[in-house]
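Observations on chain architecture
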Amino acid sequence: MIEVVGLKKNYGETQALKGVDLTIPNGKIFGFLGHNGAGKSTIIKSLVSIIEPTEGKIYFDGEELINNRLDIKKSIGYVPDTPDMFLQLTAEEYWDLVAAAYEIPKDVRQQRQEELLALFEMTGKESDTLEGFSHGMRQKAIVIGALLSDPDIWILDEPLQGLDPQAAFDLKELMKKHAENGKTVIFSTHILSTAEQLCDELAILKKGELIYNGSVKDLLASAENESLEKIYLKMTGKHSNGELIEELEEMEDE
Ligand SMILES: Nc1ncnc2c1ncn2[C@@H]1O[C@H](COP(=O)(O)OP(=O)(O)OP(=O)(O)O)[C@@H](O)[C@H]1O
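The rules behind these values
- Residue indices follow the written sequence of each chain, beginning from 1 at its first position.
- Since the coordinates come from a predicted model, pLDDT governs what is reported: local features require at least 70, and pairs of side-chain atoms require 80 or more to be given and counted, while whole-chain, interface and lining totals use all residues.
- DSSP-based pairing: two strands are paired if at least 2 bridges between them are found.
- Secondary structure is summarised from DSSP: a helix means a run of H or I of at least four residues, a strand means a run of E of at least two, and numbering begins at the N terminus for each.
- Domain start and stop points were drawn from an automatic or database domain assignment.
- Contact between two residues is assigned whenever their backbone-derived C-beta positions fall within 7 Å.
- Nonpolar cores are built from buried Ala, Val, Leu, Ile, Met, Phe, Trp, Tyr and Cys residues. These are joined into a set through C-beta atoms within 7 Å.
- Exposure classes come from backbone-placed C-beta atoms, where a residue is buried if 20 or more other C-beta atoms lie within 10 Å of its own, exposed if 12 or fewer do, and partly exposed in between.

This part covers the pairing of strand β2 (residues 14–24). One ladder, built from 8 bridges, connects strand β1 (residues 2–11) with β2; its direction is antiparallel. Across the sheet, residue Tyr 11 finds its bridge partner in β2, namely Thr 14. Following β1, the chain reverses through 2 residues before pairing antiparallel with β2; Gly 12 in that reversal takes a positive phi of roughly 60 degrees.

Here it is as structure tokens:
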């Protein structure tokens, strides 16, 4: 289980996280939802130790992250939202880097890489630079890198963005299988139908604050016959069609 306690992050004057408490159970698919700038990437980057929170603590199975950063990081596969680093490298060089960082034995890496390349239809692309890939292919290369070490915890920041329907389907199936095996998948998305279909648990953020942390089932049960999209839009404050029309009319009157 991952526990986030009183997490705050300020970037200068901007309070990106205003004291977030949440729990992420093991063996589930956990989704982060929230409008642009709500703080999803900031929490995710805190979980993978890319940024230092201003305040608050993070525990992985009871162990505080700052006390055992290296070991905890090794149990995580991370897909960033903007995979712009390492663009000059070929895919193979990028995976070499990941394999070295995670100390993956050569034979294990070879087998896993071949499986992932075949799954994502990337076989033969190993010598191409990440820069030369389309956005979706680059995303696939980053996902392959994140899964190369077969990590227990997957943390994926908008992983489906830019993937073609087949690759998106395959990644979603992998995410389900990983959770079925008792492992944890954490991801952020703006695609509410995907969240509804995939997630067991959710956190919904609004302007740096947590407005929901719990199961998708409970959330759907709280509003009869409404989709997650409708519930989410109501919770995040904007907009029913009527309200939007009213607002536009007011703007025209001004
Ligand atoms: N490096 C940074 N420097 C300054 N401000 C930042 C930085 N990173 C994020 N922010 C700000 O922190 C807030 C939260 O950003 P964050 O990237 O966590 O949101 P998000 O929910 O992931 O958004 P999106 O859906 O657009 O990816 C925003 O106001 C953003 O402008």
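Here we take up the domain arrangement of the protein chain. In many reports, interface size means the accessible area that the parts give up when they come together. For the protein chain, the assigned domains are domain 1 (2–75 + 152–253) and domain 2 (83–151). Counting residues at the interface gives 13 residues for domain 1, matched by 10 residues for domain 2. Elements that contribute at least two residues to the side of domain 1 that touches domain 2 include exactly β7 (153–157) and α6 (165–180). Looking at the side of domain 1 that touches domain 2, the element that brings in the most residues is α6, giving 3 residues.

What follows covers the nonpolar core. Grouped together as the largest cluster of nonpolar side chains are 62 residues, with contacts concentrated most on Ile 43, Ala 141, Ile 144, Ile 155, Val 185, Leu 202 and Ala 203. Here this core gets 7 residues from one element, more than from any other, and that element is helix α5 (residues 135–147). Apart from residues no more than four positions distant in its own chain, Ile 144 is found in contact with Trp 95, Leu 116, Leu 117, Phe 120 and Met 122.

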